[in-house]
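The chain contents come next:
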Amino acid sequence: MQMAHPGLPEFDYIRPGSLMEASQFLAEHAGEARVVLGGTDTFVRMRDGAWKAKYLVDIKGLGETNTLQYSPAEGLVIGAAVTMNRVITSPDVQNCYPLLAEAAHSVASYQLRNRATIVGNICNASPAGDTTGACIVLGGVLRVHGLDGFRTEPLDTFFKGPGKTGLRPGDIVTAIQIPPSPDFTAGKYMKLGRNAIGDLSIVGVTVYGYPDTTVPSGFRFKIALASVAPVPLVVPQAEAILVEKPVTEATLEEAAQAARVAFTPIDDVRCGARYRKQMVRNLTHTALQAVWQQLSKKG
Ligand SMILES: Cc1cc2nc3c(=O)[nH]c(=O)nc-3n(C[C@H](O)[C@H](O)[C@H](O)COP(=O)(O)OP(=O)(O)OC[C@H]3O[C@@H](n4cnc5c(N)ncnc54)[C@H](O)[C@@H]3O)c2cc1C
């Protein structure tokens, strides 16, 4: 049985002078060094004895990690060290990516969001991460600095399992880049937790939509589900229905059913599998209706 730890175990706090120095240190100490940003996952897991890091490598301030920048041509760049509250209060995010602000706002409390980061939420790779779905449906791409320099990692192949990602020893995510959004978009994040604030999701549903004249229905929808599988799940079956058929109440209902059968959930401490499936159907349906209502008004 794991005993409760009375406090944080000892560790060395490392503050490298450059990204290359940080990558080299992390690679040389693979398995015993971790990147730390807000520390809201890291310190809890270390205190509980689940993670035993000898070194915490603070990368805040290195390279573009403090950048929060938007341009209509390039889209949005959110540096790794940018807190969720900074993202939520950014006028550019509110105007062009309100779905991201909504998802970030659902995370815990104001106090926690003053430390927690979007990139930390992604790198933690929890299937329950509240901002992951929005980042996926918005087409987010991670900028990664490793021993060989910079590369990009699309989010749709980044997650390998709970707590597991495509990052290699020495890798540091410096930012997430989100492409420019189409002229008219609508989005909705629906989170079911055991209480109104401060709880991880039992189910999280992200829906994003926009007009697209190249597809039969005239609209494209993206759907991502949290807390239903070992990794965040996109639902191409449901998205295809909404592309192929005229968007009506019956089509929204059919797509929500497709989301319900797209995964095989487990019973866990937060809820049973049957309840989880039913709630995915209900929340997907409600989120699709909300998005469609906005899109049809704009159209
Ligand atoms: C009380 C409480 C309530 C919470 N409620 C929610 C909630 O409602 N919804 C939710 O989604 N989450 C919740 N969380 C989890 C947590 O706040 C988020 O996952 C947060 O976004 C993590 O960001 P951070 O900057 O604190 O990450 P950190 O703890 O600093 O890092 C998290 C992990 O990512 C790795 N990492 C961080 N940055 C990088 C990088 N740049 N490159 C490579 N690896 C990196 C770290 O090594 C570590 O493994 C809660 C946590 C607490 C303590």
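Whatever comes next refers back to the structure up there.
Below or above, wherever it landed, is the structure these notes cover. The structure displayed is predicted, hence computed values, not measured ones.

Comments concerning the sheet that holds strand β14 (residues 233-234)
For step 1, the next point in the chain: Spatially, 4 strands are ordered β11-β12-β13-β14 in an open sheet, and the strand pairing comes out antiparallel. This sheet does not close on itself; its edge strands, each paired only once, are β11 (186-192) and β14.
For step 2, the next point in the chain: In this structure, strand β12 (residues 203-211) lies alongside strand β13 (residues 219-226), joined through 8 bridges in antiparallel fashion. For Thr 206, the partnering residue across the bridge sits in β13 and is Ala 224.
For step 3, the next point in the chain: Helix-sheet contacts for helix α9 (residues 236-244) involve β13 and β14, and the interaxial angle to β13 is about 160°.

As for the site of the ligand
For step 1, the next point in the chain: Around the ligand sit 33 residues in total, of which Val 35, Thr 40, Asp 41, Thr 117 and Asp 130 are the nearest.
For step 2, the next point in the chain: Here an oxygen atom of the ligand sits 2.6 Å away from a polar atom, N or O, in the side chain of Thr 40.
For step 3, the next point in the chain: Protein contacts shield 88% of the accessible area of the ligand, which totals 990 Å² for the unbound molecule.
For step 4, the next point in the chain: Put simply, the parts of the chain that give the shell around the ligand at least two residues each are β2 (33-36), α2 (42-47), α7 (118-123) and β10 (172-178).
For step 5, the next point in the chain: Considering each element in turn, the shell around the ligand owes the most residues, 4 residues, to α7.
For step 6, the next point in the chain: Along the lines of polarity and charge, the residues of the shell around the ligand split into 19 nonpolar, 9 polar and 5 charged.

Conventions we followed
- Residues numbered from 1 in each chain as written.
- Predicted model: local features only at pLDDT ≥ 70, side-chain atom pairs only at ≥ 80, totals over all residues.
- Heavy atoms only, no water.
- Pairing = 2+ DSSP bridges.
- Helix = DSSP H or I, 4+ residues; strand = E, 2+ residues; numbered from the N terminus.
- Contact = heavy atoms within 4.5 Å.
- Axes fitted to C-alpha atoms, helices over the stretch in contact; angles between N-to-C directions.
- Near = heavy atom within 4 Å.
- Polar contact = N/O pair within 3.5 Å; in protein donor to acceptor, adjacent residues only side chain to side chain.
- Areas by Shrake-Rupley, 256 points an atom, 1.4 Å probe, with all protein chains shown as cover.
- Nonpolar A, V, L, I, M, F, W, Y, C, P; charged D, E, K, R; others polar.

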